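Summary of structural features
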Amino acid sequence: DEAMVRLDDRPQTRYDMTFTLSDLGLVQARRGKWDDANAMFSRALEIRRAAFDADPKDTRAMVGVATLLGRLGMTAARQDNWAAAAAHYRAELAIREQAIVAQGPLPGRIAERAWARLYLAKALLNQADGSRPSSSHAEWVEEAGRLVGACRRDDVKATVVAGGPADYLELLDSLTKRLNTR
């Protein structure tokens with residue numbers, strides 16, 4: 001990516017590189033090479049975050065940052081690092097909310113927010129399950145309950161990157177069941 005920047009150092013070129021970095025991160029994640037995946041996602045996030053910081057109204061960069069935070073959450077979750085996953089998903093969710101404010105309640109944005117809520121809820125419940133009972137434990141379960149409760153069955157109407165309606169409903173129902181058995 002640095003060779004490309006030497007040839008063309010426009011902000012657009014830098015941003016375009018993030019798609020390749022993110023795709024390579026997904027390949028590494030599928031191969032179980034978490035450090036490599038995290039490095040790719042983190043480098044892409046750094047570039048997208050710089051674009052977003054330069055223009056906070058740039059919804060392309062805004063959504064791009066959220067996507068990469070979600071991917072970092074995914075890699076942390078796949079390594080059972082639930083605290084890190086929750087931190088990434090919480091940051092992703094905050095930006096997804098910001099995107100809805102900026103663009104309105106577009107179906108794709110609503111779906112992305114719903115997925116972010118469920119992934120954060122799952123991370124919080126897994127974090128609670130893996131820890132000793134404490135005040136934090138109860139707070140994680142309570143927050144997970146609020147997140148799942150904020151999701152509607154029709155939030156995901158069409159196939160999106162994270163998965164389609166059937167996958168969404170399966171995760172929503174699974175988390176609802178986990179919460180109801182506590």
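To be clear, the structure that these remarks concern was listed above.
Residues numbered from 1 in each chain as written. Predicted model: local features only at pLDDT ≥ 70, side-chain atom pairs only at ≥ 80, totals over all residues. Heavy atoms only, no water.

Here's the deal with the overall build of the protein chain
- When you go through the protein chain residue by residue, the secondary structure sums to 8 helices and 0 strands.
- Ordering the α and β elements of the protein chain from the N terminus gives α-α-α-α-α-α-α-α.
- Relative to the globule expectation of 16 Å for 182 residues, the C-alpha radius of gyration of the protein chain, 17 Å, shows essentially globular dimensions.
- The dimensions of the protein chain, computed from C-alpha atoms along their principal axes, are 60 × 35 × 30 Å.
- Counting across all 182 residues of the protein chain, residues that qualify as buried make up 45%.
- As displayed, the protein chain offers around 9,800 Å² of accessible surface, 53% of which is attributable to carbon and sulfur atoms.
- On the protein chain, the mean spot of the 27 positive side-chain charges and the mean spot of the 25 negative ones are 3 Å from each other. (Helix = DSSP H or I, 4+ residues; strand = E, 2+ residues; numbered from the N terminus. Rg over C-alpha atoms; globule rule 2.2 N^0.38 Å. Buried < 20%, exposed > 50% of the residue type's maximum accessible area, 1.4 Å probe, protein only. Areas by Shrake-Rupley, 256 points an atom, 1.4 Å probe, with all protein chains shown as cover. Lys, Arg positive; Asp, Glu negative; His and termini not counted. Charge placed at Lys NZ, Arg CZ, Asp CG, Glu CD.)

A word on the nonpolar core
- Counting residues in hydrophobic clusters, the biggest one holds 53 residues, and the most contacted among them are Leu118 and Tyr168.
- Breaking this core down by element, the ones donating at least two residues are helix H2 (11-30), helix H3 (34-54), helix H4 (59-78), helix H5 (82-103), helix H6 (107-129), helix H7 (135-149) and helix H8 (165-180).
- Discounting residues that sit within four places of it in the chain, Leu118 has contacts with Val148, Cys151, Tyr168, Leu171, Leu172 and Leu175. (Core = buried A, V, L, I, M, F, W, Y, C linked by side-chain atoms within 4.5 Å. Contact = heavy atoms within 4.5 Å.)

Some points on the packing of H6 against H8
- Across the interface, H6 lies against H8 with an axial gap of 10 Å and an inter-helix angle of 35°. When the axes of H6 and H8 are compared, the crossing they make is left-handed. Note on element contacts: H8 touches H6 through Asp167, Tyr168, Leu171, Leu172, Leu175, Arg178 and Leu179, opposite Ala114, Trp115, Leu118, Tyr119, Ala121, Lys122, Leu125, Asn126 and Asp129.
- When its residues are assigned to classes, the contact of H6 with H8 shows 11 nonpolar, 1 polar and 4 charged. (Axes fitted to C-alpha atoms, helices over the stretch in contact; angles between N-to-C directions. Left-handed = near helix turned anticlockwise from the far one by under 90°. Nonpolar A, V, L, I, M, F, W, Y, C, P; charged D, E, K, R; others polar.)

Looking at the packing of aromatic side chains
- Scanning the entire structure with this criterion turns up 4 aromatic pairs.
- Each member of the aromatic cluster is reached from another via a ring pair, and the members are Tyr89, Trp115, Tyr119 and Tyr168.
- The positively charged end of Arg48 is found above the aromatic ring belonging to Phe19, 4.8 Å away from the centroid. (Phe/Tyr/Trp six-rings, centres within 6.5 Å; stacked < 30°, edge-to-face > 60°. Lys NZ or Arg CZ within 6 Å of the ring centre and 35° of its normal.)

A closer look at the packing of H5 against H6
- At a minimum axis separation of 8 Å, H5 and H6 run at an interaxial angle of 160°. Taken as axis vectors, H5 and H6 run roughly antiparallel relative to one another. Crossing hand, H5 versus H6: left-handed.
- Within the contact of H5 with H6, the residues separate by chemical class into 14 nonpolar, 3 polar and 8 charged. (Parallel < 35°, antiparallel > 145°, perpendicular 65-115°, else oblique.)

Focus on H7
- The end-to-end C-alpha distance of H7, which contains 15 residues, comes to 21 Å, matching closely the 21 Å that a straight helix rising 1.5 Å per residue would cover.
- All of the buried residues in H7 are His137, Trp140, Val141, Glu143, Ala144, Leu147 and Val148. The buried residues of H7 all sit within an arc of 165° when viewed along its axis, so they share a single face. Within H7, the exposed residues directed more than 90 degrees away from the buried face are Ser135, Glu139, Glu142, Arg146 and Gly149.
- Elements in contact with the buried residues of H7: H5, H6 and H8. (Expected span 1.5 Å × (residues − 1). Arc of directions from axis to C-beta.)

A closer look at unusual backbone geometry
- You will see that Asp80, though not glycine, has its phi angle at about 60°, which is positive.
- Tracing the chain through its elements places Asp80 in the loop between H4 and H5.

Quick notes on H6
- The end-to-end C-alpha distance of H6, which contains 23 residues, comes to 33 Å, matching closely the 33 Å that a straight helix rising 1.5 Å per residue would cover.
- Counted residue by residue, H6 has 17 buried out of 23 residues, so it is predominantly covered.

So, the pattern of salt bridges
- This structure, assessed with the given rule, holds 13 salt bridges.
- The partner of Arg146 in a salt bridge is Glu142, with the nearest N and O atoms 3.0 Å apart. Note that Arg146 and Glu142 are positioned in helix H7 at a spacing of 4 residues, about one turn of the helix.
- In this structure Glu142 comes out as exposed when scored by relative accessible area, which is 52%.
- Note that Asp154 and Arg152 form a salt bridge whose closest N and O atoms lie 3.0 Å from each other.
- Each of Glu92, Arg96, Arg109 and Glu112 takes part in a single network of salt bridges with overlapping partners. (Salt bridge = Lys/Arg side-chain N within 4 Å of Asp/Glu carboxyl O.)

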